[in-house]
Amino acid sequence: MINPKVSVIIPVYNTEVYIEDSLRCIMNQTLKELEIIVVNDGSTDNSLDIINKIAKEDVRIQVYSQKNQGQSVARNVGMEMARGEFFYFMDSDDLLVADALEVCFNKCCEQEADFVFFDGDILYEGNRPALSWDYHRTNDFDEKEIYVGISLFNRMLDTSTHRAVPWLLLIRSSFMNNIRLKFYPGIIHEDELFTVILYLKAMRVGCIKRSFAKHRVRSSSTMTTKYSYRNVDCYFTVITQLLGYAQTKDILVRRVVDKYVSYTLNPVFQTAFSLPLKDRLKIILVAMRHNYLKYIHAKNMLILLFKNYISPSTKGQ
């Protein structure tokens, strides 16, 4: 296939239980003009064997392997190999409704959109407790409207509907190339940085009021592994990068980025109350050094400092 309509980029690390279902839901999409780029990120289980076996059934599947370098690097490698008009970033344990890519592709073409956003459902593994947030955010938006990215992002912050996940987006590859956007390597929560820049730079964004993605929450996934100081440190990296970016932009961008920093750091401080005292003190020292404390509400400072001060009601991102 010379010019696929969509490049589906799937980083894989030790998801042998799920990868076949994820691949087949893409293979069975109603939009057939696809390339399926699988980047094996140093899996130590049977993921690669399963991928190679399935790839023999479908010439659209391309398989690349690298030593384990993290999801950001794997996605960036996938983008370098991709030739599609649009990118879809798929998690290797998720599912996608059969007509999702066709509907999104047609919507992007109809509205000449830089990207479109849609909703998702959560698939809980076993008896995992429900998350305190969901991935339904399109109720407040109009499918007929074409949004300017920064205005849309600002509104999502105001309504607490921003979700920093690329698997709820279909993105025009030429737009990505023009803004030179990649995933920041070596950190977790890299989607926070990626999605904010995406919204800030987009001039035409479309909305589809359907739940297309089925996102799996399992015990070994990033969002359910034990919270540690590294989580906070990676959030600080994201904030540092965004504030540095905003310094060179106009007042509107700076205000929206400031709002996002508050939107993000306050839940981070709430969640970090569970860390050891030495880590909590380190968080405060780093925040002071970078002048982040001005974004933190007094209540959340008390939660961080005194574990038993109040029961936190954290907001998911």
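Computed from a prediction, not measured in an experiment: that's the story for all the values here. (Residues numbered from 1 in each chain as written. Predicted model: local features only at pLDDT ≥ 70, side-chain atom pairs only at ≥ 80, totals over all residues. Heavy atoms only, no water.)

Enquirer: Would you mind going over helix H10 (residues 277-289) with me for this structure?
Expert: Since there are 3.6 residues in each turn of an α-helix, residues three or four apart along the chain are aligned in direction. End to end, H10 covers 18 Å across 13 residues, agreeing with the expected 18 Å (1.5 Å per residue, within 8%). For H10, the set of buried residues is Asp279, Arg280, Ile283, Ile284, Val286 and Ala287. The buried residues of H10 all sit within an arc of 165° when viewed along its axis, so they share a single face. Opposite its buried face, H10 presents the exposed residues Lys278, Leu285, Met288 and Arg289, each directed more than 90 degrees away. Buried positions along H10 lie against helix H8 (229-246), helix H9 (251-271) and helix H11 (298-305). Following H10 by one or two positions, asparagine 291 adopts a phi angle in the positive range, close to 65°. (Helix = DSSP H or I, 4+ residues; strand = E, 2+ residues; numbered from the N terminus. Expected span 1.5 Å × (residues − 1). Buried < 20%, exposed > 50% of the residue type's maximum accessible area, 1.4 Å probe, protein only. Arc of directions from axis to C-beta. Contact = heavy atoms within 4.5 Å.)

Enquirer: Explanation requested: the pattern of salt bridges in the structure shown.
Expert: Oppositely charged side chains may form a pair once their charged atoms are brought near each other. Here the structure, examined in full by the defined rule, presents 12 salt bridges. Between glutamate 190 and arginine 75 there is a salt bridge whose closest N-O contact spans 3.8 Å. Here arginine 75 lies in helix H3 (residues 71-81) and glutamate 190 lies in helix H7 (residues 190-201), a separation of 115 residues in the sequence. Of the charged contacts in the structure, one is a salt bridge between arginine 75 and aspartate 191, with a shortest N-O distance of 2.7 Å. Of this pair, arginine 75 sits in helix H3 while aspartate 191 sits in helix H7, placing them 116 residues apart in sequence. Aspartate 191 matches arginine 75 in its accessibility class, with the two residues each being buried. Taken together, the salt bridges that share partners define one network made up of Arg75, Asp91, Glu190 and Asp191. (Salt bridge = Lys/Arg side-chain N within 4 Å of Asp/Glu carboxyl O.)

Enquirer: Please explain the side chain of arginine 137 as it appears in this structure.
Expert: Here arginine 137 shows up in the loop between strand S6 (115-124) and helix H5 (149-158). Under the relative-accessibility criterion, arginine 137 is labelled buried at 2%. Separated by 3.1 Å, the side chain of arginine 137 and the backbone oxygen of phenylalanine 118 make a polar contact. Sequence-distant contacts of arginine 137, defined by excluding residues within four places in its chain, comprise Phe117, Phe118, Asp119, Met156, Thr161, Arg163, Leu168, Leu169 and Tyr199. (Polar contact = N/O pair within 3.5 Å; in protein donor to acceptor, adjacent residues only side chain to side chain.)

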